Amino acid sequence: MPAHFRLSFSAAMLAASVSLLSACGGGGGSSHRAGNDGGDTDPPPQFSEGRTFEIQPGPDATTDMVAAMIQLRPKDTLAFGCGFFELDQGLLIQATENVLIKGCGRDRTVLSFRDSINVTGLEALNVRGITVQDLTILDSPGDAFKLKGVKWGTLKNIRAIWSGGGGQITANNMAQRLNVACTTPPMNEGDPAPDYVPSSSSGRYGIYPVESENILVDNAESIGASDAGIYVGQTNTAIIRNSRAAYNVMGFEIENVQGGEYDSNLAECNTGGFLIYDLENITQYGDTSVMVDNIARNNNTYNFAHSGLVSMVPRGSGLITLGYDNIEVFNNVFEDHSTAAVLYISYELIDGPGGTADKKLDPYTEGLHIHHNVMRNSGYSLPPPDLGAALSGNIETLLPTLIGLKNLPTLNNPAELLSSLQNLANLGRGAHIVWDGLLDDLDDDCPYPLDANGQPVPADANGKPIHTNAHPNPGCHYNAYKFNDQGERKLPQWGACFHSNTLDDDSAPYLNIHGTDGLELVIALASQDLSILSPTGLMEILGGLLNFPSDTDMSVHACELPALPRVTIPPFEPSGDVDPALSEEYIRQLCEADVGDSDINRAALDVNCPLLSQYNLFADPQDPRSQPHEGGVPFVLNTKLFSDYASKYRVAFIPPGTQVAFRDGQHGNNPNGTLMFPVGTVLAKTFAFTDEAGGTEQLVETRLLIKRLSQSGKPFWEGLPYVWETDGSGARVARLAMGGASVPAHWHFRDADTGVLTTGSTSAYAVPNASQCITCHGNDDNEAGSAPIGPKARNLNRAYAPESAFLGTDGQAGFPRVNQLQYWADQGLLTGLPALTLNGEGVATNIERLPRWNVPGDGTHTAGSPADIEQRLRAYLEVNCQHCHNDRGAASNTGYYLDHFRPVNASYGICKKPTATGGGSCGHQQVVVPGSSATSIVTCRMEAENDPQRLMPPIARSVAHDEAVLLIRQWIDTVVSSSYENGNACP
């Protein structure tokens, strides 16, 4: 192996993995078979299935794991042996179904990801049917177990744990450290912590199924997460049962779930025990969850989260509900909570009346039914106010203080009142159940919401709109479904019922704190609203003061609601769209077939060949920059994906006799889709590092996207990475590297668009593994697998010119410098292209186009103007971020979307709060803060290096794109203002 780069696979393991690699399909296999045996022997078997890949601890564990994970097909098993595994890459399972990941017991198989370059320990994306069991994940940089886009996912007998601040968990001490007791949680930072020392540097979620369906979490445990221990979010049909969460910020969390259930779980020594709520500006909104037979005890650990809503959770909370309808809480035990057993609150308390920016979200929890529970020792020690956070605008942190102020000791006990006033850190007390007392009034003037086509959005049986992130944000919060024809609230359905609970007399049974009544003057002065001094404002102050003390009359909740249905997960149903693994003999026969010198080995395109040359795509098999065979067409993009300053050579190989179908953005109806390529298409992209001073260009990798057919007849794209090396004879050869690679590189060249000299180097340019390819290329509104990202009509609308001047006019650099779309149409390769109006630069002015992000004035606006800066910044974010950050992509659960046609508002990051805490938030509270790039999360993420929690994009770059960081800083600091939609929602 040459000295100039290092593969992440050992040479022996790489050869072994290549010989075992399987493709996701046969693409018409029998009709395309080719061979060179010249005889009538029986053809080799096409498929094999039900394989088991065994991984043992040791120095090769990561290599073996990656080699196995990229091969998993239906009925396969990845089995970790007993012992302590030190893994430097995450376990990523993608685009497969019906697979099993297992260890030999959660106390006996420990997977440590402390030194991993990836943010997640185990991640399953777009998988139908996965079971993970009998193992522990330790010290993942971000989430430990993450399931996203999974249908039928089971997590059982597993543990997520972080070492925390009490010293590293290792192979030598894991027997003593893995099982964590809950005796005396630290109520304040710095308090003694005899069982476990929490740390804000721990990862975010322990167990994290999101945007999934039919999820079961059974006998799981999470210790030490800086956000939520055991979470299910934006999911339909989910059960969490027989599980334990301790020393997390939030123990258990149901977020935006439709049909959730907590059954027989234990939450102890967290900041908060259980949470059932809806978060704003994400994929869907929840309804209907049941909480039965759980225990929440001693959840009094101080809040150690970085940011986000969870950082506002007051320690000592047993259950919190927020903005979620239809919850039944029964047969549970809540004991020893310093704030309250149950906090029943609304977004109005956080945002003010009508202040919740997401009008699709109902800010109020209704249909809450609390019965037959036991509550003991609640509200005895309210946490002190976080004045720093409050002064930064996060007044949610003052909730315990508000509760205390509204529940001061009475004047009948002057000594107790004086003691409380002298100790502002513990002012007043909480209660078993605390309600903010806030409900909405009928908004007669708010019409029923409409979708993007002007049609009414769907409604449930009660007339409540069923919103998703595909619907535009209405101008008001529609709530007529809660009221009858006389404008009276429908009760008890849209209220709350408490009955048959055992509320120990050691605590106040119930408090209605009447929101912020009585604090009108303080709030108005803080917001510089002097209208409060008008006669109307003074009357408001007087009314609030009269309503300032808490109300302890629980009779308004003396009612019953029908029992909610328990959750049932239906039996697993395979899709049949994922083929079993192809046999080694079948792959070998196709890849080693004899073809003409200038003919592509099209039969082999059905399989993953070990060598790039076996497809015979290029005239010179040692140089992917040479002329392509069979009419392959080089192309470039207006704005390209940043990959450590690599130059790229792209070629489209369209099967003879077929055509590409023209598709633009369809006015927002095709934001993620590219041109429509026929089956058999190959898109090749070679990454090279140019050194113009040294007169060299280092070829690093060639990636292929091949459009195939599965045995079920459905098209999908296969992504294949080939890494270039020099063989024993000195010849260049590109070998399949499904496990990825790490390569040192340097660059010294003048940018083709700007002429600016760019120099630098990296010790670890990353070739993604095959599973990571799908992370970026998978959108569920595109074809399956690694669908193309770049070749959209708006990004191809330009004259061809190579990214690098290194070749001069040789090879692919010699192709005509004319509008690419017009050239494809003239060659008979593109159909449906409208007649183009071309300007003198080869740009069509009558169809959509992305500007070159780094050329001021390249779009439709004056160079350097605010509109020009925003247009170019949006082009960059679309190409570099939007493939994940859209409502169908890998980051859809974040609610942060960068679609080309999306307005710049909260969903585009303007004053948007992060959905999760952890190091990825950089300690900031909003994605984009108008006028302040220094406090915007997106800036921190883009400029991060060597930190998997912050690095964004998280793969395929090792250095920051400094020029792009300057552009986004310029946009935030000089263009974005509070006049933007949601721009005044930042503190």
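Criteria and cut-off values
Residues numbered from 1 in each chain as written. Predicted model: local features only at pLDDT ≥ 70, side-chain atom pairs only at ≥ 80, totals over all residues. Heavy atoms only, no water. Helix = DSSP H or I, 4+ residues; strand = E, 2+ residues; numbered from the N terminus. Contact = heavy atoms within 4.5 Å. Axes fitted to C-alpha atoms, helices over the stretch in contact; angles between N-to-C directions. Parallel < 35°, antiparallel > 145°, perpendicular 65-115°, else oblique. Left-handed = near helix turned anticlockwise from the far one by under 90°. Phe/Tyr/Trp six-rings, centres within 6.5 Å; stacked < 30°, edge-to-face > 60°. Buried < 20%, exposed > 50% of the residue type's maximum accessible area, 1.4 Å probe, protein only. Disulfide = S-S within 2.5 Å. Salt bridge = Lys/Arg side-chain N within 4 Å of Asp/Glu carboxyl O. Core = buried A, V, L, I, M, F, W, Y, C linked by side-chain atoms within 4.5 Å. Pairing = 2+ DSSP bridges.

**A word on the overall build of the chain**
- Looking only at helices and strands, the chain has 16 helices and 45 strands in total.
- Considering only contacts within the chain whose residues lie at least 6 apart along the sequence, 67% involve residues at least 24 apart.

**Some points on the packing of helix H14 (residues 866-882) against helix H16 (residues 962-974)**
- Interaxial distance between H14 and H16 falls to 10 Å at its minimum, and their mutual angle equals 135°. Judged on the interaxial angle alone, H16 and H14 are oblique. Crossing of H14 against H16: the hand is left-handed. Between H14 and H16, the contacting residues are Ile-869, Glu-870, Arg-872, Leu-873, Tyr-876 and Leu-877 on the first element and Ala-964, Leu-967, Ile-968, Gln-970, Trp-971 and Thr-974 on the second.

**Section: the packing of aromatic side chains**
- Taken as a whole and judged by the stated rule, the model has 27 aromatic pairs.
- Plain terms: the ring middles of Tyr-645 and Trp-747 are 5.3 Å apart, the flat faces sit at 25° to each other, and that makes the pair stacked. One end of the pair, Tyr-645, is in the loop between strand S35 (633-635) and strand S36 (647-653); the other, Trp-747, is in strand S42 (residues 741-750), with 102 residues separating them in the sequence. You'll find Tyr-645 and Trp-747 in the same group, each marked buried.
- Linked through ring pairs, Phe-642, Tyr-645, Phe-687, Phe-689, Trp-747 and Tyr-765 together constitute an aromatic cluster.

**Comments concerning the state of the cysteines**
- Per the counting criterion, the structure on display carries 6 disulfides.
- In this model Cys-591 forms its disulfide with Cys-609; the gap between the sulfur atoms is 2.1 Å. Its S-S torsion of about -95° marks the bond between Cys-591 and Cys-609 as left-handed, since a negative value means left-handed. Of the two residues, Cys-591 is situated in helix H10 (residues 584-591) and Cys-609 in the loop between H10 and S35; the sequence distance between them amounts to 18 residues. For the residue pair Cys-591 and Cys-609, the accessibility class agrees, reading buried in each case.

**Concerning the environment of Gly-694**
- Residue placement: Gly-694 occurs in the loop between strand S38 (682-691) and strand S39 (696-709).
- Here Gly-694 falls in the partly exposed class, since its relative accessible area comes to 48%.
- Along the backbone, Gly-694 and His-748 are 54 residues apart, and their C-alpha atoms lie at a distance of 8.4 Å.

**Focus on the pattern of salt bridges**
- As enumerated under the stated definition, the model contains 41 salt bridges in all.
- Salt-bridge contacts for Asp-440 lead to Lys-482; the nearest nitrogen and oxygen are separated by 2.9 Å. Here Asp-440, found in the loop between strand S30 (431-435) and strand S31 (496-499), pairs with Lys-482, found in the loop between S30 and S31; they are 42 residues apart in sequence, far enough to count as distant. Take Asp-440 and Lys-482: they sit in the same class, and that class is buried.
- Salt bridges sharing common partners tie together Asp-107, Arg-159, Glu-221, Arg-244, Glu-268 and Arg-297.

**Side note on the nonpolar core**
- Of all hydrophobic cores here, the largest spans 118 residues; its most connected members are Phe-80, Ile-93, Ile-101, Phe-145, Tyr-615 and Leu-704.
- If near-sequence neighbours (up to four positions away) are discounted, Tyr-615 is found in contact with Ile-600, Asn-601, Ala-604, Leu-605, Val-607, Asn-608, Cys-609, Leu-704, Ile-706, Arg-708, Leu-720 and Tyr-722.
- Counting 43 residues, the second-largest nonpolar core is a separate cluster that includes Val-723, Ala-737, Val-927 and Val-929.

**Structural notes on the sheet that holds strand S27 (residues 340-345)**
- Overall, parallel pairing links the 11 strands, which are arranged S5-S8-S10-S12-S15-S18-S21-S24-S27-S30-S33 in an open sheet. Every interior strand has two partners, whereas the edge strands, strand S5 (91-94) and strand S33 (510-512), have only one. Neighbouring strand axes in the sheet, compared pairwise and without regard to direction, differ in orientation by 10° on average.
- Direction of pairing for strand S18 (residues 250-255) relative to strand S21 (residues 272-277): parallel, over a ladder of 5 bridges.

**Regarding unusual backbone geometry**
- Here Leu-491 and Pro-492 are connected by a cis peptide whose omega angle stands at 5°.
- Within the secondary structure, Pro-492 is located in the loop between S30 and S31.
- The phi torsion at Ala-95 lies on the positive side, around 50°, for a residue other than glycine.
- The residue Ala-95 is located in the loop between S5 and strand S6 (97-102) in this model.
- Although it is not a glycine, Asn-281 sits at a positive phi angle of roughly 60°.
- Take Asn-281: it is sitting in the loop between S21 and strand S22 (287-292).

Structural measurements only, silent on function.
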